[in-house]
Each structure stands twice: as C-alpha cells, then as structure tokens.
Amino acid sequence: MNIRDYMKNNFLFLDGGMGTLLQEAGLKPGELPERWNFEHPDEIVRIHRSYYDAGSNVVLCNTFGANALKFDDDELRKIIFAAYDNADRARKESVGKQEKFVALDIGSIGKLLKPYGDFEFEDAVACYAKTVRLGVEAGVDLVFIETMNDSYDTKAALLAAKENSDLPVFVSNAYGSDGKLMTGASPAAMVAMLEGMHADAVGANCSLGPAQLRDVMLEYVRCASVPVLIKPNAGLPRSENGKTVYDVFPPEFSDEVCKLMEEGVRIAGGCCGTTPDYIRAVCEKAAALTPVPVEDKNLSVVSSYTNAVEFGTQPILIGERINPTGKKRFQQALRENDIDYILGEGLKQQDAGVQVLDVNVGLPEIDEVKMLETVVRELQAVSDLPLQLDTTDTVAMEAALRCYNGKAMVNSVNGKKEVMDAVFPLVAKYGGFLVALTIDEDGIPDNADKRVQIAENILKEAAKYGIAKKDIIFDPLAMTISADTKAALATIDAVDKIRHGIGANTSLGVSNVSFGLPDRNIVTSVFFASVLERGLSAAIMNPYSVEMMDVYYAFRALHDLDPNCIDYIGHTGRRQPVQVQASASSAVDQDSKAASLKEELSPLKNAIVRGLKEKAGGLTKELLQTQAALDIVQKEIIPALDIVGQGFEAKTVFLPQLLMAAEAAKASFEDIKANMAAHPEQAAEGKRLTVIIATVHGDIHDIGKNIVKLILENYGFEVVDLGKDVPEQTIVDEAIKLHAHMVGLSALMTTTVPAMEETIKLLRKQAPWVKVAVGGAVMTQEYSDQIGADKYCKDAMDTVRYAEELEKEL
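Quick notes on the rules
- Note on numbering: residues in each chain are counted from 1, in written sequence order.
- Totals for whole chains, interfaces and linings use all residues, but because this is a predicted model, local features are given only for residues with pLDDT of at least 70 and pairs of side-chain atoms are given and counted only at 80 or more.
- Values shown for side chains rest on all heavy atoms present in the structure; no hydrogens or waters enter the calculation.
- Strand pairing requires that DSSP identify at least two bridges connecting the strands.
- Strands are runs of DSSP state E lasting at least two residues, helices are runs of H or I lasting at least four, and both sets are numbered from the N terminus onward.
- As a rule, the C-alpha atoms of each element are fitted with a line to give its axis, helices using only the stretch in contact, and angles between N-to-C directions run from 0 to 180 degrees.
- In this analysis, two residues are considered to be in contact whenever any of their non-hydrogen atoms come within 4.5 Å of each other.
- Burial here depends on accessible area, computed with a 1.4 Å probe over protein chains only, as a share of the maximum for the residue type. Under 20% is buried, over 50% is exposed, and the range in between is partly exposed.
- For Phe, Tyr and Trp, rings pair up if their centres lie within 6.5 Å, where Trp contributes its six-membered ring, and each pair is then called stacked (planes under 30 degrees apart), edge-to-face (over 60) or tilted (otherwise).
- Should the NZ of a Lys or the CZ of an Arg lie within 6 Å of a ring centre and within 35 degrees of the ring normal, that charge is described as sitting over the ring.

Asker: I'd like a description of the sheet that holds strand β20 (residues 538-541), backed by residues and values.
Answerer: Taken in spatial order, the 8 strands of this closed barrel run β13-β14-β15-β16-β17-β18-β19-β20, and their pairing is parallel. Shown here is a sheet whose adjacent strand axes are inclined to one another by a mean of 30 degrees, direction ignored. Bridge analysis of strand β14 (residues 356-359) against strand β15 (residues 387-390) gives 3 bridges, and the strand direction is parallel. Note that in β15 the partner of Asp358 across the bridge is Gln388. Packing against the sheet, helix α16 (residues 417-430) makes contact with β16 (409-414) and β17 (433-437), and its axis sits at approximately 155 degrees to β16.

If you want it as structure tokens, here you go:
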C-alpha cells in the first residue's frame, strides 16, 4: 500500500534509535556508522528487523550521515545501496504482519548556511540532492529528513528532496528546551514553511524526551494540516561505566507518547536511547487508541526564520518604505548598492511596529533579480520580520522565493491569465501567501461586484495548482478620490464582500486613496479606519504616520484585540513621529525593552547591535582617527556585544541576530587589528587567554563549534580551532604545545560522546592545568559532570562567560 494512503486512516509507527544499538553492537569511538552497512551488514539487518518485529511500519536506513561532504561519490553510492538492501532484507525477514516501509534517512550536513555561516544555500541543496537521488535509485519508499536544528538547512534538504523525487517526504526538527530550533524558529514558523513546500508530515525528534517535547508537539497539532510526527529521546542522557544511558524507560515513554497521540499526533517512534522495547510498548498501548483525523486548520500564515504571523485574527501592518516609488534617496541607494541604507529602512519600520516588511527594489537601470535576492538575504540577516516580496518580474520572484528563509508573502498576482500562469507555479513550488489584485484583462473595475468576480476567478485558477484560499489575500485596490470621489466607496464595499462573502483575507495599499490631495494623512487615516471596520486584514502603510498608528492602536483597543489596552497605552506614551535614527533596543527586546537598553546607543554600538557590517567598519575607521584602538574595543565593541549577548541569554534575541552582531563586530576588529599592528604595545595590553576548540573524533558536525569560535574571537579571546573529527591525542598535544588555558569540546551525536570522555581523561593525565568546557545537542549538565568536564556550556554566550571567569582567576 502507498504510505500516503496508509496514513489517512492509521497511526504510523517509526523505528527507534540506531546509534544506541550500534554502540551496543561494538561501534567504536570515531568509527563511522554508515560504513557498517557494508562492513557489518548482518548487524544492521538484525537491528532493522528487531524494529519491524516490534511493530514499526517505517524503518530508517542507516544513512543519517551519508552525504557528499563526508564520503566520495563511489563510497556514498555503496553506502546508500547497501543501507537500503539491509532494510529491505529486514523487512522481508520480519515476522511482523503490519504494513512496512523503508525510508531514506537524511540528517544535517552539519554546516551553518550563509549569511550566518560560510556555506552556500545552493551548495547545501546540491549536497542533499546527491543523497536523495541515490536513495530513489536504490528503491526507498519515502524520504525522512530529521534532527534539523536550523530552518534554512531544513529548507535546503526539503527542496532537494522535492526537486529530485516524487516520494513522500517527512521532516522532523530538533528543538531545545526553550521550544525553538538552535537558530530561533518556533514550531508555527516551521509548519508554515514546510507545509508551503508540501512536506507530507512534520514534527520533532531528538534533543528531549516526550514529556519535555509536549508543548512543542501541541503547537504542531494546533498549526499543522498534515500528519504530525514525534520521535523523542528516551529522556536525558548520562554516562555509566563509559556508556550512554537514558532516564526514561519504556512504560513511561509509551505513556507520554500515547498521550500525545490522543491529542492528534499521528506518527510516532523513538530517537536516542530508545530500543525495540520502547517501540513495542508504544505500539501495544496505541492499539486502544483511535487516530484523531488530520484536518485543515485553515490558517493564513507567513513566516520568517523565527516566527509566524497569522492573518485574519487581527489587522497586520506591512511597512511600505522599502520601495523606490517617489523616494529619491532610496533610488540612490539602489543605484549605489547602498545595502546598509536599505537595511536601515527595514529596521526603522520594525521599530515603528510593523509585522511584515514589503520589499520592492525595482528600478529599470538595475539588475532587479540580483538586487532583490541580495536585499532579501541581507534583511533576513538583521530582522526577524517576515517579508513581502514585491515584484512583477517572475525571474526575480523565483530567485527571492528560493533563497527566502521561511514562508514569504508574495506581491503579486492578478486576474490576467498570463500572469496567473507565470506566478502560480512558483508559489505552488516554494510556498507563499499570495497577494492577488482584483484586476484582469479589462483593467480595474469601477465597482465592487466586478472586483469580487475577479477574486472568485483567481481562486478557481489557483485551486488547479493546489493553492488554497487560505494562502491568498486579495487587494481590491485603493484608487485616489481626487480623480473619482466614488472610488473609496467601491473599495470599501469590495473589502467587505471579499472578507465576509468569499471568506478570504484582504489587503490594501491605503495611502493611494489620498494621492493628489493636501494633508494626505487626514484622508488616509480615516479611510484606514473605514476599511478596518469592514474587515481589512492587512495594510501596506507608512508606519511613521502618527495618524495611521493612532487608528491602528485605537481600532485594536475598541475591538477587544488589545488586552487591558496595554498596546494603546504604550503607543500614546511614545506618540511622536519616528526619528530617522533608529533605537537599537528593538533588536534586543520588542516587548519589555529593559531599562538598561533604553539609553541612546552610540553610532558604532548601534551598528553592531543591529548587525550592520559595512556601517560598523566605516564608523570604526572614523573613531580610530581620534581614539585608541583598545579604547574602542573596551568602550564600544565589547559593550555592544554584551547588549546582544544579554538579550540572547534572556531569550529575547536569537542566534542569527547574535551571529550578525558578531559579524559586524568582526568588521570593526579588522580595522582594530590593523591599527594595533602599528602599535604593538596596545596589542600586548589587549591580549586575552587562549582557547582550543574542536569537534570530537568521529563527529563531522561543526555548526556549534564554529559559532563558539566566532563569538569568542569577537570578545577578543585567542581561539585555536582544530576543526572536526579530531583525534583525542591531537587535542591533548595542542593543549600542551600552547599551554592553553581552556579546551572546548563539541559533539552532536551520542555515538561520539565516548570520544569526548576519552579526550577529557587524556587531558587530565597529560595537561591537568587545562579547564574543559563541553557542549552540543546531546549534552546536559549531568552528562557533563559524569564524563569529567569542568563546565557544561549550553550555548556560545555561556562559553564566553566561562572564559571570562577563567580569565579573572589567572
């Protein structure tokens, strides 16, 4: 039976941990598990068969780390074909009577993608695509993308799967204890993006036990219109006699998983620490349950790399200022490739309170395709707001959709056949929330009913591409009343009929209504209030207009959309035109704005906090004309990094913002270093302790390590990066050679933690003065204590704080 058909009316049971059982079978520290497919095929078959016999419908091939960065083409082919043959053989030998499927297992390639890392998005897609094509050729039934802790990396893998196969694709992400991915994405944001790209099932695995993942899974069930999956760990890990063990056993594990299945989870299995006994317990208890039907949640959503914005529950503000129309300074910025000016426009609008940024960079004399892609990437590096991609050029539209990290708003399509034929396939492939203008080959109708008819025609055509009404927002077009005094009435009526008659969302560029009139804000704001009352879902508007923001906050207060009128009161307290210089506080906390961050920041601090690299470098050059390099470091750069670091520790700032602030600081440091080279006495005075970092033997995942390196370096520490898959003695030898004060060790996989423990033992014997910090997805405080580490660092800022503590002790 086809797995898509089977899932419609049945629970689907996955397998459990592979690494756990491979360790029990003799996998040595540093040994690559994927090679066991052809070196020890009988062991792999035995493990797969034990899961099928326990009740698993789906067994994942032993290909989690099988990718082109780790193996050459010939060995990669050998591994994947052997892996499928082992799983297929186990399926045939199993005594289980249930439906059985074989999945190609795809884990992260272990690279942080640009702009936060150094790996190109398209290179990641190509890498995943090689694995997908080999899996399809081998004969797998589905693709299972798992343990992804970054939304952009997840998109690259899903895009590769969809472009290189027509198989079902399941996508599972790894969440931290804060309910977010490493780079900040919420479950709602991931559902929005993955459903838009037509994942067949979505959910979470690894990192935590089923009880700790409960809130994450309930958010998935609330948002997802496709089956939801869970593959949790057997609780939290610890070390006993050199082995990794877990604290949740099959009875408790199955109880917690089945509670989630009662809430709507449809696909269940296990990850690290789980065995066939865990899967058997889940299958047996779930036999008494009835699957909760998978229903369309009918949510209209856009997303950024961190959060989702839902339309239809309250009005959404879309900032209009990133647009060259009528803006000479913005046009100049486009011609001169002044990206920092464009980013500044986005950040100021974010500070002013918009929830989405419109991005239009169309000028006849520039390369719109290249510019739109560049601005989208750079804006997403400094702002966590979703973007509206505003272009009539479908080549530029596709380029931007492809590189966009999340589910974008797309502006626009209309009722013309040729336009729909060009735009709908792009939105169907990449996902998106599509703005549809009520205009067709006959132009803009002068009455509401004809605009409604165009909207209905657009919906019918969109359905042919699988684009649902919930993913379309209609713009019935605001026309200027200076040319036709009945124009506003037609638009207001059209908004009402589309929102309440068709049941679709509506959006308007509201300022068009007052074009050609004096004191335009008066007319525009009253029109805004009128269309809000008739059901307007979103407005493309100028957030610097006090009158417009007055209407917005008052409307929300009057319609019970602002509990205790808190937002309205806050608005009246700051009710003044937005100044050109944006405050940096919103980069740290949009809601609470801690008192310590309200103070006006210096230009360089502001540039670093906002992640503006070019501006930070330019300002540093200016300051070096009048200030000592070390003073700039101590009074400007480090305090700016501390502002962002404190926000990160308080979970009001996410990893991408921390990284971009670090990149801006790095731009400053380039000029600082050059200056210090000419003044060696300052360089010696500013030198900090030495830290060696490495990903342990057998582990090729270096995202976390590279993040730690970047942040430590920007705090001025001397970092020696030994890379990934580093033998234990190599780390010890380097610590002795440099007489290093601190060693940082990273591991993603449970199979490589023994190598971490062995490294610590060798350091204790041969370099006893060294302090050892450990981190990574599998680490916990208890685990760290048991393997003998001095410090468990949960993230990069924790590592910085520990290095600072050690420095004070010297």
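Moving on, there is more to tell.
Asker: Let's hear about the environment of Val510: which residues, and what values?
Answerer: On the secondary structure map, Val510 appears in the loop between β19 (505-509) and α19 (520-533). Val510 sits in the buried class, given a relative accessible area of 0%. Residues contacting Val510, with those up to four places away along its chain left out, are Thr524, Phe527, Phe528, Leu536, Ala539, Ile540, Met541 and Met548.

Asker: For the sheet that holds strand β25 (residues 791-792), give the residues involved together with the corresponding values.
Answerer: Sheets are built from strands that pair by backbone hydrogen bonding, the pairs being arranged parallel or antiparallel. One open sheet holds the 5 strands; their spatial order is β22-β21-β23-β24-β25, and the pairing between them is parallel. The open sheet has two edge strands, β22 (718-721) and β25, and neither has a second partner. Strand direction decides the pairing type here: strand β21 (residues 690-695) and strand β23 (residues 742-746), joined by 5 bridges, are parallel. Bridge assignment links Ile693 to a residue of β23, and that residue is Gly744. Sitting on the sheet, helix α29 (residues 753-766) touches β23 and β24 (771-775), and the angle it makes with β24 is about 175 degrees. Across the sheet, helix α31 (residues 796-809) is in contact with β23, β24 and β25; its angle to β23 comes to roughly 160 degrees.

Asker: Can you break down the packing of aromatic side chains residue by residue, with the values?
Answerer: Applying the stated criterion to the full structure yields 11 aromatic pairs. Ring centres of Tyr6 and Phe101 lie 6.2 Å apart, and the angle between their planes is 55 degrees; this geometry places the pair in the tilted category. In this pair, Tyr6 sits in helix α1 (residues 3-9) while Phe101 sits in strand β3 (residues 101-106), placing the two residues 95 residues apart along the sequence. Phe101 matches Tyr6 in its accessibility class, with the two residues each being buried. If you follow Arg329 out to its NZ or CZ, it ends over the ring of Tyr341, 4.1 Å from the centre.

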